[in-house]
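Structure at a glance
Next come the chains, spelled out residue by residue.
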Amino acid sequence: MNAPPAPSFFIGRLGIEGPPFDAWSQQSLLASLEQAGLDWPSSCRNGTCRTCIGQLVSGRIRYQIEWPGLSAEEKAEGYVLPCAAFACSDLVLKR
Ligand code: FES
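The residue numbering used here restarts from 1 in each chain and proceeds along that chain's sequence as written. Thresholds applied to this predicted model are a pLDDT of at least 70 for local features of residues and 80 or more for the giving and counting of side-chain atom pairs; totals over whole chains, interfaces and linings are not thresholded and use all residues. For side-chain calculations, the full set of non-hydrogen atoms in the structure is used, while hydrogens and water are omitted.

What follows concerns the overall build of the protein. Working definition: helices are DSSP H or I runs of at least four residues, strands are E runs of at least two. Numbering for both runs from the N terminus. Helix and strand counts for the protein come out as two helices and seven strands. In sequence order, the protein lays out its α and β elements as β-β-α-β-β-α-β-β-β. For the protein, the spread of C-alpha atoms along the principal axes amounts to about 45 × 30 × 25 Å. Each residue gets one of three labels from its accessible area relative to the maximum for its type: buried under 20%, exposed over 50%, partly exposed in between, using a 1.4 Å probe on protein chains only. Looking at the protein as a whole, 40% of its 95 residues are labelled buried. To measure how exposed things are, a 1.4 Å probe is used in the Shrake-Rupley method; for residues, cover is taken only from the protein chains shown. In the form shown here, the protein has an accessible surface area of approximately 5,600 Å², with 53% of it arising from carbon and sulfur atoms.

Structure (structure tokens):
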């Protein structure tokens, strides 16, 4: 019998010079920030209210919902909703 695959995480950072945190691939970025004890605003926690909006300086994320509350232009500029975003690489996030 094979052991279940270990959960994977990436190195997240709050700003280029900011504190690092474990950005788990199977939980939202918001949950990873909170797990690391980092303050990040939130409300709905489902990708609609935009309270948690931030900007991805580098790295890649994915969404498990079809279209989170961001415009195509915002997405192109790197804005993300951490409550609905999941890390796919090491990343740097800023407010
Ligand atoms: S907390 Fe509402 S969009 Fe993230």
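The term salt bridge refers to a side-chain nitrogen of Lys or Arg lying within 4 Å of a carboxyl oxygen of Asp or Glu. The tally for this structure, following the rule as stated, stands at two salt bridges. Residue Arg45 is joined to Glu34 by a salt bridge in which the shortest nitrogen-to-oxygen separation is 2.8 Å. In this pair, Arg45 is assigned in the loop between helix H1 (29-35) and strand S3 (54-58) and Glu34 in helix H1, connecting sequence segments eleven residues apart. Between Glu74 and Arg50 there is a salt bridge, with the nearest N and O atoms lying 2.7 Å from each other. Placement of Glu74 in helix H2 (residues 72-76) and of Arg50 in the loop between H1 and S3 is noted, with a sequence separation of 24 residues between them. On the basis of relative accessible area, Glu74 is assigned to the buried category, the value being 17%.

Below, the discussion takes up the nonpolar core. Counting residues in each nonpolar core, the largest one holds 22 residues, and the members touching the most others are Leu29, Ile61, Tyr63, Leu91 and Leu93. Sorting the residues of this core by element identifies strand S2 (20-24), H1, strand S4 (61-63), strand S6 (85-87) and strand S7 (91-94) as the ones contributing at least two each. Here Leu29 is in contact with Phe21, Ala23, Ile61, Pro82, Ala85, Ala87, Leu91 and Leu93, once residues within four sequence places are set aside. Buried residues of nine kinds, namely Ala, Val, Leu, Ile, Met, Phe, Trp, Tyr and Cys, make up a nonpolar core once their side-chain atoms join them within 4.5 Å. Only heavy atoms enter the contact rule, under which two residues are in contact if any of them lie within 4.5 Å.

Here we take up the sheet that holds strand S5 (residues 79-80). In this description, strands pair whenever DSSP reports at least two bridges between them. Strands sit in the order S2-S1-S7-S3-S5 across an open sheet of five strands; the sheet is mixed. Lying at the two open borders of the sheet, with one neighbouring strand each, are S2 and S5.

Take the packing of aromatic side chains next. Note on aromatic contacts: the rings of Phe and Tyr and the six-membered ring of Trp form a pair at centre separations within 6.5 Å, being stacked when their planes are under 30 degrees apart, edge-to-face when over 60 apart, and tilted otherwise. Counted according to the given criterion, the structure contains one aromatic pair. Summarising the aromatic geometry, the rings of Phe9 and Trp24 are spaced 4.7 Å apart at their centres and angled 50 degrees between planes, so their arrangement reads as tilted. Taken as a pair, Phe9 in strand S1 (residues 9-14) and Trp24 in strand S2 lie far apart in primary sequence, 15 residues in all. Of the residues examined, Phe9 reaches a relative accessible area of 38% and is grouped as partly exposed. Criterion for a charge above a ring: Arg CZ or Lys NZ at most 6 Å from the ring centre, at most 35 degrees from the ring normal. Here Arg95 stacks its cationic end above the ring of Trp40, 5.0 Å away from the centre of that ring.

Take Gln55: it is sitting in strand S3. Exposure remark for Gln55: the relative accessible area of 19% places this residue in the buried category. From its side chain, Gln55 meets the backbone oxygen of Glu77 in a polar contact 2.7 Å long. Setting aside its immediate chain neighbours within four residues, Gln55 contacts Glu77, Gly78, Tyr79, Val92, Leu93 and Lys94. By the criterion applied in these results, polar contacts are pairs of N or O atoms within 3.5 Å in which, for protein atoms, one can donate a hydrogen and the other can accept it, and in which residues neighboring in sequence qualify only through two side-chain atoms.

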